[in-house]
Amino acid sequence: MKQKQMMAIKLVEKCEAKDLMPILVERPTIKEGFVLIKVQAFGVNESEITSRRGESSADFSFPRILGIEGVGIVDEVTSNSRFKVGQKVATMMGGLGRSIDGSYAEYMLVREENIIPLDTNLDWDIVGALPEMLQTAYGSLTVGLGIKKGDVLLIRGGTSTVGLMALILAKKMGATVITTSRKTEKLESLRQYGSDYTLVDNQEIESEIKKITPQGVDMVLELVGLTTLFQDMSLTRKGGRVCFTGALSGQWTLDNFSPFMIPTGVFLTSYAGGARDLPSSIFNDILKSIENKEITVPIAKVYHGFGEVAQAQTNLESGKYIGKHVIIL
């Protein structure tokens with residue numbers, strides 16, 4: 001007989017990181033179009049901190065089990081599901097942890113279209129670090145920018161988890177990559193992950209990029225936000241593209257915007273996709289590259305159990321770490 005309860009971190013109102021304590025809640029019940037996943041690991045994300053603070057957009061509501069991504073093993077399916085019990089899977093986005101309960105739990109109920117089957121023997125901490133940052137980076141580079149071999153890509157906010165994964169993927173795709181960070185001490189990490197050029201994000205950045213590519217970069221992946229977006233466009237060649245994906249600066253909207261603020265011939269787009277933008281073949285190809293030691297996953301720290309979620313969010317908030325914070329259950 002299936003257990004009726006499970007441990008989870010469920011918020012009923014905004015709180016501090018120290019208040020993230022596991023409680024007993026009702027275990028989800030399987031329903032048509034969904035799969036019940038036994039969670040093995042999940043990454044901790046900035047958006048979950050925003051939700052915990054009560055600062056999320058309208059798609060988030062209390063009470064809520066946090067967690068926009070997770071990996072695990074299929075525990076229960078409906079009779080006509082394409083998934084099988086015991087199968088390893090990953091999931092991310094699709095309202096997870098925002099409009100529906102997420103991965104900070106022993107079990108999560110996820111829509112089938114938001115699940116990616118996995119074929120790997122890698123440890124769960126490595127697999128658990130990947131879903132959100134891999135999906136966002138891959139979607140930004142392909143759907144957002146249409147990057148191709150030989151392109152010169154500028155990544156603003158290079159030491160963020162998405163920035164690091166975009167760097168890794170872009171190099172794998174044959175691009176030349178320029179990355180930025182506001183902190184000089186973080187540049188060496190960017191070099192270690194393969195960045196061709198690493199720049200401190202200061203008043204000298206425009207002249208430094210002009211030295212590297214006088215005609216301007218082909219592509220920009222913007223992860224800092226609107227504080228640097230218009231500078232990005234001035235650094236992009238005619239026919240080039242700028243993709244707005246993240247806002248580490250916290251500013252997502254702009255007053256008094258005019259389309260004529262976009263330079264003539266430069267294309268501005270955005271990326272906010274989901275699991276469907278990350279084919280299973282791509283995810284599993286990345287897993288194989290990790291197994292073959294061709295790729296190193298940027299992991300900041302691994303934590304064990306719900307009791308360490310508060311510390312993981314605290315460490316992420318501090319900004320002192322480079323890479324993903326991962327919880328293993």
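Residues numbered from 1 in each chain as written. Predicted model: local features only at pLDDT ≥ 70, side-chain atom pairs only at ≥ 80, totals over all residues. Heavy atoms only, no water.

## A look at the overall build of the chain
So, point 1. The secondary structure content of the chain amounts to nine helices and 17 strands.
So, point 2. The C-alpha radius of gyration computed for the chain amounts to 20 Å, which stays within 12% of the reference 20 Å derived for 329 residues, consistent with globular compactness.
So, point 3. Viewed in the frame of its principal axes, the chain has a C-alpha envelope of about 70 × 40 × 35 Å.
So, point 4. Put simply, the chain has 329 residues, and 53% of those count as buried.
So, point 5. In the chain, the share of contacts with a sequence separation of at least 24, taken over all contacts with a separation of at least 6, comes to 71%.
So, point 6. Total accessible area on the chain stands at roughly 14800 Å², and carbon and sulfur atoms take up 50% of it.
So, point 7. Here the chain holds 36 positive side-chain charges and 38 negative ones, and the gap between their average locations is 2 Å. (Helix = DSSP H or I, 4+ residues; strand = E, 2+ residues; numbered from the N terminus. Rg over C-alpha atoms; globule rule 2.2 N^0.38 Å. Buried < 20%, exposed > 50% of the residue type's maximum accessible area, 1.4 Å probe, protein only. Contact = heavy atoms within 4.5 Å. Areas by Shrake-Rupley, 256 points an atom, 1.4 Å probe, with all protein chains shown as cover. Lys, Arg positive; Asp, Glu negative; His and termini not counted. Charge placed at Lys NZ, Arg CZ, Asp CG, Glu CD.)

## Quick notes on the sheet that holds strand 13 (residues 217-222)
Note: strands within a sheet are paired through backbone hydrogen bonds, in either parallel or antiparallel orientation.
So, point 1. Read across the sheet, six strands follow the order 12-11-10-13-14-15 without closing on themselves; strand pairing throughout is parallel. A single partner strand is all that each edge strand has here, and the edge strands are strand 12 (197-200) and strand 15 (267-270). Recorded for the sheet is a direction-independent mean angle of 20° between the axes of neighbouring strands.
So, point 2. Bridge count for strand 13 against strand 14 (residues 236-244) is five bridges, and the pairing is parallel. Within strand 14, the residue paired with Leu221 across the bridge is Cys243. (Pairing = 2+ DSSP bridges. Axes fitted to C-alpha atoms, helices over the stretch in contact; angles between N-to-C directions.)

## Focus on the pattern of salt bridges
So, point 1. The tally for this structure, following the rule as stated, stands at 19 salt bridges.
So, point 2. Taking the shortest distance from any N to any O, the salt bridge between Asp75 and Arg27 comes out at 2.9 Å. Taken together, the residues Asp75 in strand 6 (residues 69-76) and Arg27 in the loop between strand 3 (23-26) and strand 4 (34-44) connect sequence positions 48 residues apart.
So, point 3. Classification of Asp75 by relative accessible area gives buried; the value is 17%.
So, point 4. When the shortest N-O distance is used, the salt bridge between Glu317 and Arg53 registers 2.6 Å. One end of the pair, Glu317, is in helix 9 (residues 309-318); the other, Arg53, is in the loop between helix 1 (46-52) and strand 5 (64-65), with 264 residues separating them in the sequence. (Salt bridge = Lys/Arg side-chain N within 4 Å of Asp/Glu carboxyl O.)

## Overview of the pairing of strand 10 (residues 152-156)
So, point 1. Along strand 10, five of the five residues are buried, which leaves the element largely enclosed by surrounding structure.
So, point 2. Burial of the side chains of strand 10 extends over both faces: Val152, Leu154 and Arg156 are buried on one face and Leu153 and Ile155 on the other.
So, point 3. As judged from the four bridges shared by strand 10 and strand 11 (residues 176-181), these two strands associate in the parallel manner. Along strand 11, the bridge assignment pairs Leu154 with Ile178.
So, point 4. Since strand 10 and strand 11 lie parallel, the crossover through helix 4 (residues 161-172) that links them has a hand, and here it is right-handed.
So, point 5. Where strand 10 lies against strand 13, four bridges are found, and the strand directions are parallel. Residue pairing for strand 13: Arg156 is matched across the bridge by Glu222. (Right-handed = clockwise from strand over helix to strand, strands pointing away.)

## Some thoughts on the layout of surface pockets
So, point 1. Put simply, the second largest pocket is a space of about 230 Å³.
So, point 2. If you trace the second largest pocket, you find 16 residues lining it, with Pro28, Ile65, Ile100, Asp101 and Leu109 closest to the centre.
So, point 3. Among the elements that take part in the lining of the second largest pocket, strand 8 (residues 107-111) stands out by supplying four residues, more than any other.
So, point 4. A breakdown of the residues in the lining of the second largest pocket according to their chemical character gives nine nonpolar, two polar and five charged. (1 Å grid on protein atoms, 1.4 Å probe; cavity = no way out; pocket = protein on both sides within 12 Å on 5 of 7 lines; lining within 4 Å. Points joined across faces, edges and corners; volume = space filled by probe spheres on them. Nonpolar A, V, L, I, M, F, W, Y, C, P; charged D, E, K, R; others polar.)

## Quick notes on helix 7 (residues 226-234)
So, point 1. Along helix 7, the residues classified as buried are Leu226, Thr228, Leu229, Asp232 and Met233. For helix 7, the angular spread of buried residues about the axis comes to 150°, placing them on one side.
So, point 2. Where helix 7 is buried, its residues contact strand 10, strand 13, strand 14 and strand 15. (Arc of directions from axis to C-beta.)

## Some words on the packing of helix 3 (residues 131-144) against helix 4
So, point 1. Interhelical geometry of helix 3 versus helix 4 gives an angle of 55° and a closest axis separation of 8 Å. By the criterion of interaxial angle, the relationship of helix 3 to helix 4 is oblique. Relative to helix 4, helix 3 is oriented so that their crossing is right-handed. Together, Glu132, Met133, Leu134, Thr136, Ala137, Tyr138 and Leu141 of helix 3 and Thr161, Val162, Met165, Ala166, Leu169 and Ala170 of helix 4 make up the contact between the two elements. (Parallel < 35°, antiparallel > 145°, perpendicular 65-115°, else oblique. Left-handed = near helix turned anticlockwise from the far one by under 90°.)

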